[in-house]
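A structural walkthrough
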Amino acid sequence: MPIRWLFIVTLLLARPTFSATEFFVAPNGSDTNAGSKAKPFATLERARDAIRTLKPSQRLAKSGGAVWLRGGDYVRTNALEFTAADSGTADAPIIWRAYKNENVRLLGGRTLTGFTPVSDATLLARLDEPARGHIRQLNLCAVGITNFGEMKSRGFSRTALPAHCELFFDHQPMTLARWPNAGEFAKIVGYPAASDHVDEHGGNVGQLPGGFLYAGDRPRRWRDVGDLWVHGYWSYDWANSYERVASLDVEQQLVKTAAPYGLYGFRKDQRFYFLNVLEELDQPGEWFLDRTNGMLYFWPPNQKSEGRGQGAESGRELLVSEATGAEIVLSLLDQPLLKLTGVSNVTFRGLILEATRANAVVIRGGASNRIAGCLIRNIGNSGVVIDGGTGHVVVSCDVMDTGDGGVSLTGGDRQTLTPGGHCVENCHFQRLGRWSKCYVPAIAMTGVGLRASHNLIHDHPHCAILFWGNDLVVEFNEIHHIALETGDVGAIYTGRDYTFRGNQIRNNFIHHTGGVGMGSMGVYMDDCVSGTEVFGNVFYKVHWAMFIGGGRDHRVANNLFVDCDPAVRADGRGLDKTPVWHDMVDDTMRKQLAEVPLALYRQHYPEMKSLDDYYGPPAGPAITGEAFKGVPPDNNVLVRNVCIGKWLDVGWHMTSGMLRLENNLTNAAASLSALPNDQSRATDFVLTKDSPAWALGFQRIPVEKIGLRGDELRRGLKHLSAAVTP
């Protein structure tokens, strides 16, 4: 055979089988391999580029391409980036997925081993005596870790930035050493008299540069406060922030925070705590990093009980991780694990995404990408951020222990009311908002034509679902145990815009909500937002289940309220003459009306025309100055609802006569098939066949469809390591 033909045959035999367009990647592979199952690639980038190179020559199979990832860790030191060149098509998508039931993890951190007991007598003296024998240390610099990320102010009104490094033990986030300990707060006892001023609501607060006063002498024992931080709800229970301490005066018991300051001021009796304090490393699960010398100190959870004294016996004690295989991870990556820009028709399925200090997944532009059946946990910022594009889907994923939110959807065009088509469906969210706390929901939707359905959301410090925009759908979700650390918040929340219209909240089960101060609401239509339909929901043990905060044109129909306080609360704040509320409707809301094409909006949402009576018609003249008297809460309809317990509470410039009340059944305890309890499921909230509600036109709520569905993707999650606890 001629040499030239021998070379061609050899090349063809060495190539992977392109008819199937399958590539394989494994941690023990090699990028010089062909990418076959027998000879997989080593890196995700090599597989991405292999798919990319097939497309120009049209060698990609008509059915698309698949990248199979074999089990193990793919440690990321940079984002895995995709561009339009990596796209599939609707008929030929590209799928990246775990092979069979193997656990595939994209890891943005590093596993740590080699912890030793603390022997430095000076350092031990700084710790509480009961803690000294439990603390272990690791010199991060000695193992090549020097970039810890910076602690930065974060929280309400702060721009989301990559978090500092965090420590995770057995897939659980550990607590940065703090006082008081987790679950407890200290209180602001006052502020310097010179900083006193009256806020916009008429209350007294201390101006931020003046600092605040605390009680007690606990800080006197702290030797080094050069990197001391405070976290607090400084003025309101819905606005928290982390601030670096600029000075700590233990004689005056005065804390001054560093500029740039947060919003509002320091209000007496509001909650706060100190954090990043070595001396407060006094409980299992707490840790502290001395950033100057790179020494990490840690009290591991569940240490063995024997041999805990100081001295020789302590030196032979093992960490529980060494005895049981529990993993210790430090998050390091300050970029997304997956970053898609202008990409279309690509799916990531069955992966574990873990321990980045940034967002786990960022999708910008493009169309029809899917994050499916993935476990996303221990993330510094948010789980999935979708910004623009059309038709992206997050489906059947578990998202837990994020520093900020869960899934954020931004899409559609509010200038044309063109829908974006994104959705988050059948996902389980728990323990989010670990750092930012407020307005970092499990699901955020901004734009037009987006959907959140069949999700389970619980154990969250603030709101579960937050939306801004038009023609958004929130349906068949179960939400419970939210607002665990905050107040004046809703499980489902929006506010302050007369142009947010066409939104539907239907067939959800909201129960056992928390809240401090004002407490929490089930559906919160805040600050005069208008035009939402709330239909077919079940509310159980919710403080203010349905709250209309001054808005108009809401339709609250066919809901079941059980043991709420009350079922419906409504006010007329748009008529209040105090500056904060009058300016809201006269200035803020008027400007928002001017930011949308009113002719289009009035065609789609005819109720908006009634605002002409208060602002003037679009062609003018505008009603301004003394002539502007505010906007009343007109045309709110409550029809065919069933209530067991307290029904209605109105006030603040509103009377029940301003509401349209039709065919509501109150005092309806006899209509429930069975008395509910704290373990009741949505399917337990069924009306009896002879309930008077049916004659009033009440429609059966499809309670059996609420919550998670056991699809193939969700069943696959059971095979991932460290399965989600219920």
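Everything discussed here concerns the structure shown above.
Conventions we followed
Residues numbered from 1 in each chain as written. Predicted model: local features only at pLDDT ≥ 70, side-chain atom pairs only at ≥ 80, totals over all residues. Heavy atoms only, no water. Helix = DSSP H or I, 4+ residues; strand = E, 2+ residues; numbered from the N terminus. Rg over C-alpha atoms; globule rule 2.2 N^0.38 Å. Buried < 20%, exposed > 50% of the residue type's maximum accessible area, 1.4 Å probe, protein only. Areas by Shrake-Rupley, 256 points an atom, 1.4 Å probe, with all protein chains shown as cover. 1 Å grid on protein atoms, 1.4 Å probe; cavity = no way out; pocket = protein on both sides within 12 Å on 5 of 7 lines; lining within 4 Å. Points joined across faces, edges and corners; volume = space filled by probe spheres on them. Nonpolar A, V, L, I, M, F, W, Y, C, P; charged D, E, K, R; others polar. Pairing = 2+ DSSP bridges. Axes fitted to C-alpha atoms, helices over the stretch in contact; angles between N-to-C directions. Phe/Tyr/Trp six-rings, centres within 6.5 Å; stacked < 30°, edge-to-face > 60°. Expected span 1.5 Å × (residues − 1). Bend = angle between axes of the 7 residues up to and from the residue. Contact = heavy atoms within 4.5 Å.

Regarding the overall build of the protein chain
Counting its secondary structure elements, the protein chain contains 9 helices and 56 strands. The C-alpha atoms of the protein chain give a radius of gyration of 28 Å, which matches the 27 Å a tight globule of 726 residues would have. By principal-axis analysis of the C-alpha atoms, the protein chain measures approximately 90 × 75 × 55 Å. For the protein chain, with 726 residues in total, the buried portion stands at 57%. Carbon and sulfur atoms provide 52% of the accessible area of the protein chain, an area that totals close to 28800 Å².

Points about the layout of surface pockets
Considering only enclosed or pocket space, the largest pocket measures out at about 850 Å³ in volume. Taken together, 36 residues make up the lining of the largest pocket; nearest its centre are Trp 238, Asp 488, Asp 526, Asp 527 and Trp 581. Those elements giving two or more residues to the lining of the largest pocket turn out to be β18 (229-236), β43 (489-495), β46 (520-526), β49 (544-549), β52 (568-571), α6 (579-594) and β55 (648-651). The biggest single contributor to the lining of the largest pocket is α6, with 6 residues. Split into classes, the residues belonging to the lining of the largest pocket amount to 17 nonpolar, 7 polar and 12 charged.

Here we look at unusual backbone geometry
Cis geometry marks the peptide bond from Ala 259 to Pro 260, where omega comes out at 0°. Here Pro 260 shows up in the loop between β20 (254-257) and β21 (271-275). Put simply, Gly 620 and Pro 621 share a cis peptide bond, and its omega is 0°. Tracing the sequence through the fold places Pro 621 in the loop between α8 (612-615) and β53 (636-639). Unlike most non-glycine residues, Lys 437 shows phi in positive territory, near 70°. Of note, Lys 437 is situated in the loop between β36 (428-430) and β37 (443-448). Phi at Asn 663 is positive, roughly 55°, even though this residue is not glycine. Within the secondary structure, Asn 663 is located in the loop between β56 (659-662) and α9 (712-717). For Asn 663, a relative accessible area of 42% translates into the label partly exposed.

Focus on the sheet that holds strand β4 (residues 80-82)
The pairing of strands in a sheet happens through backbone hydrogen bonds and is either parallel or antiparallel. Reading across from one edge, β4-β25-β28-β31-β34-β37-β40-β43-β46-β49-β52-β55 is the order of the 12 strands in this open sheet, with parallel pairing throughout. Edge strands, defined here as strands with exactly one partner in the open sheet, are β4 and β55. Looking at each pair of strands side by side, their axes are set apart by 10° on average, direction ignored. Pairing between β4 and strand β25 (residues 338-341): 3 bridges, direction parallel. Its bridge partner being in β25, Phe 82 is matched across the sheet by Leu 340.

Here we look at the pairing of strand β2 (residues 65-69)
Each regular strand displays side chains that alternate between the two surfaces of the sheet. Among the 5 residues that make up β2, 5 are buried, leaving the element largely enclosed by the rest of the structure. A two-sided burial pattern is seen for β2, the buried positions comprising Gly 65, Val 67 and Leu 69 on one face and Ala 66 and Trp 68 on the other.

Description of the packing of aromatic side chains
A full pass over the atoms with the stated rule returns 40 aromatic pairs. Measuring from centroid to centroid gives 5.4 Å for Trp 234 and Phe 266, while their planes differ by 90°, and the two rings are edge-to-face. Note that Trp 234 is positioned in strand β18 and Phe 266 in the loop between β20 and β21, a separation of 32 residues in sequence. Like Trp 234, the residue Phe 266 is buried in the burial classification.

Structural notes on the sheet that holds strand β6 (residues 104-107)
If you walk across this open sheet you meet the 12 strands as β3-β6-β27-β30-β33-β36-β39-β42-β45-β48-β51-β54, and the pairing is parallel. Looking at strand neighbours, the two that pair on one side only are β3 (72-75) and β54 (642-644), the edges of this open sheet. Sheet twist, expressed as the mean angle between neighbouring strand axes with direction ignored, is 10°. In the sheet, strand β27 (residues 352-354) pairs with strand β30 (residues 375-379) via 3 bridges, with the strands oriented parallel. Residue pairing in the sheet places Glu 354 in a bridge with Arg 377 of β30.

Observations regarding α6
Over its 16 residues, α6 runs 21 Å from end to end, which matches the ideal 22 Å to within 8%, given 1.5 Å per residue. Where α6 bends most, at Val 585, the angle is about 30°. For α6, the elements touching its buried residues are α7 (598-604) and α8.

Side note on the environment of Val 650
Residue position: Val 650 is located in strand β55. Among the residues examined, Val 650 registers a relative accessible area of 25% and is labelled partly exposed. Excluding anything up to four places from it in sequence, Val 650 contacts Ala 570, Thr 655, Ser 656 and Leu 659.

Focus on empty space enclosed by the protein
Per the stated rule, a full pass over the model turns up 3 cavities of 30 Å³ or more. One number sums up the size of the largest cavity: a volume of about 120 Å³. Breaking the lining of the largest cavity down by element, the ones donating at least two residues are β18 and β19 (239-249). It is β19 that provides the largest number of residues to the lining of the largest cavity, a total of 4 residues. Classifying every residue of the lining of the largest cavity by side-chain character gives 8 nonpolar, 6 polar and 1 charged. Empty space within the second largest cavity amounts to approximately 50 Å³. If you go around the second largest cavity, the residues you meet are Glu 150, Lys 152, Ser 153, Arg 154, Thr 159, Ala 160, Leu 161, Pro 162, Ala 163 and His 164.

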